[in-house]
Amino acid sequence: CAQVCSGLSPQVLSGQGAERHLQGLRQAALSAGEALPEIFLDPAFAQASHFRLCTLQARSREGSWLLRGPLVPDGY
């Protein structure tokens, strides 16, 4: 996992992570008043994107930030 995560970090830090594209698609549909694409209605997607707790370290040119906290109303 560490090697994969390290390889994906530059993509995420530059805003090119897969979740950013999906979030953009979701927001574009909502902003346009269109129906959400089917992927966002799939129970598997809902479960995969429901993070009750976030623990991550965000690196940037200015340093590193430790982020912790709930991401959803039922989080902790």
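Everything quoted here is computed from the prediction, not taken from an experiment.

Here we come to the overall build of the chain. Summing up its helical and strand segments, the chain has 3 helices and 2 strands in all. Helices and strands appear in the chain in the N-to-C order α-α-α-β-β. With respect to the principal axes defined by its C-alpha atoms, the chain has extents near 40 × 30 × 25 Å. Within the chain, the proportion of its 76 residues that are buried is 8%. Sequence separation of at least 24 residues holds for 9% of the intrachain contacts in the chain that already meet a minimum separation of 6. Within the structure as shown, the chain displays about 6300 Å² of accessible surface, and the carbon and sulfur contribution to it stands at 58%. Separation between the mean location of the 6 positive side-chain charges and that of the 6 negative ones in the chain comes to 13 Å.

The next thing to look at is the pattern of salt bridges. Enumeration according to the criterion identifies 1 salt bridge in this entry. Among the salt bridges present, the one from Asp74 reaches Arg52, with a minimum N-O distance of 4.0 Å. Of this pair, Asp74 sits in the segment after β2 (63–69) while Arg52 sits in the loop between α3 (43–48) and β1 (54–60); the two residues are 22 residues apart in sequence, bridging distant segments of the chain. Look at Asp74 and you get partly exposed, because its relative accessible area is 40%.

With that out of the way, let us pick up the environment of Ala58. Positionally, Ala58 belongs in strand β1. Along the backbone, Ala58 and Gln11 are 47 residues apart, and their C-alpha atoms lie at a distance of 12 Å. Those residues in contact with Ala58, other than ones at most four positions away along the chain, are Gly63, Ser64, Trp65 and Leu67.

Once that is clear, we can look at the environment of Gly7. Note on placement: Gly7 falls in helix α1 (residues 2–13). Between the C-alpha atoms of Gly7 and Asp42, which are 35 residues apart in sequence, the distance is 28 Å.

Take the pairing of β2 next. Here is the key point about a regular strand: its side chains alternate between the two faces of the sheet. By the bridge criterion, 7 bridges tie β1 to β2 in an arrangement that is antiparallel. Bridged to Gln57 within β2 is Leu66. A loop of 2 residues connects β1 with β2, the two strands running antiparallel in sequence.

Right, let's talk about helix α2 (residues 18–31) for a bit. In an α-helix there are 3.6 residues to a turn, and that puts residues three or four apart on one side. With 14 residues, α2 extends 20 Å between its outermost C-alpha atoms, agreeing within 8% with the 20 Å of an ideal straight helix rising 1.5 Å per residue. Following α2 by one or two positions, Gly33 adopts a phi angle in the positive range, close to 70°.

Time to look at the environment of Gly33. Mapped onto the fold, Gly33 is located in the loop between α2 and α3. In this structure the C-alpha to C-alpha distance between Gly33 and Val4, which are 29 residues apart in sequence, comes to 37 Å.

Reading the values: rules and limits
- Every chain is numbered on its own, with residues counted from 1 as its sequence reads.
- Given that this is a predicted model, residues contribute local features only at a pLDDT of at least 70 and side-chain atom pairs are listed and counted only at 80 or more, while totals for whole chains, interfaces and linings are drawn from all residues.
- Side-chain metrics in this entry use all non-hydrogen atoms of the structure; hydrogen atoms and water are not considered.
- Labels follow the DSSP assignment, with helices taken as runs of H or I lasting at least four residues and strands as runs of E lasting at least two, numbered in each case from the N terminus.
- Only protein chains enter the area calculation, which uses a 1.4 Å probe; residues under 20% of their type maximum are buried, those over 50% are exposed, and those in between are partly exposed.
- Two residues form a contact once any of their heavy atoms are found within 4.5 Å.
- In short, Shrake-Rupley with a 1.4 Å probe defines the accessible areas, and a residue's cover is counted only from the protein chains shown.
- Under the convention used here, Asp and Glu are negative, Lys and Arg are positive, and both His and the chain ends fall outside the count.
- Lys charges are placed at NZ, Arg charges at CZ, Asp charges at CG and Glu charges at CD.
- Each salt bridge in this description consists of a side-chain nitrogen of Lys or Arg and a carboxyl oxygen of Asp or Glu lying within 4 Å of one another.
- Paired strands, as defined in this entry, are two strands with at least two bridges between them according to DSSP.
- Multiplying 1.5 Å by the helix residue count minus one yields the expected span of that helix.

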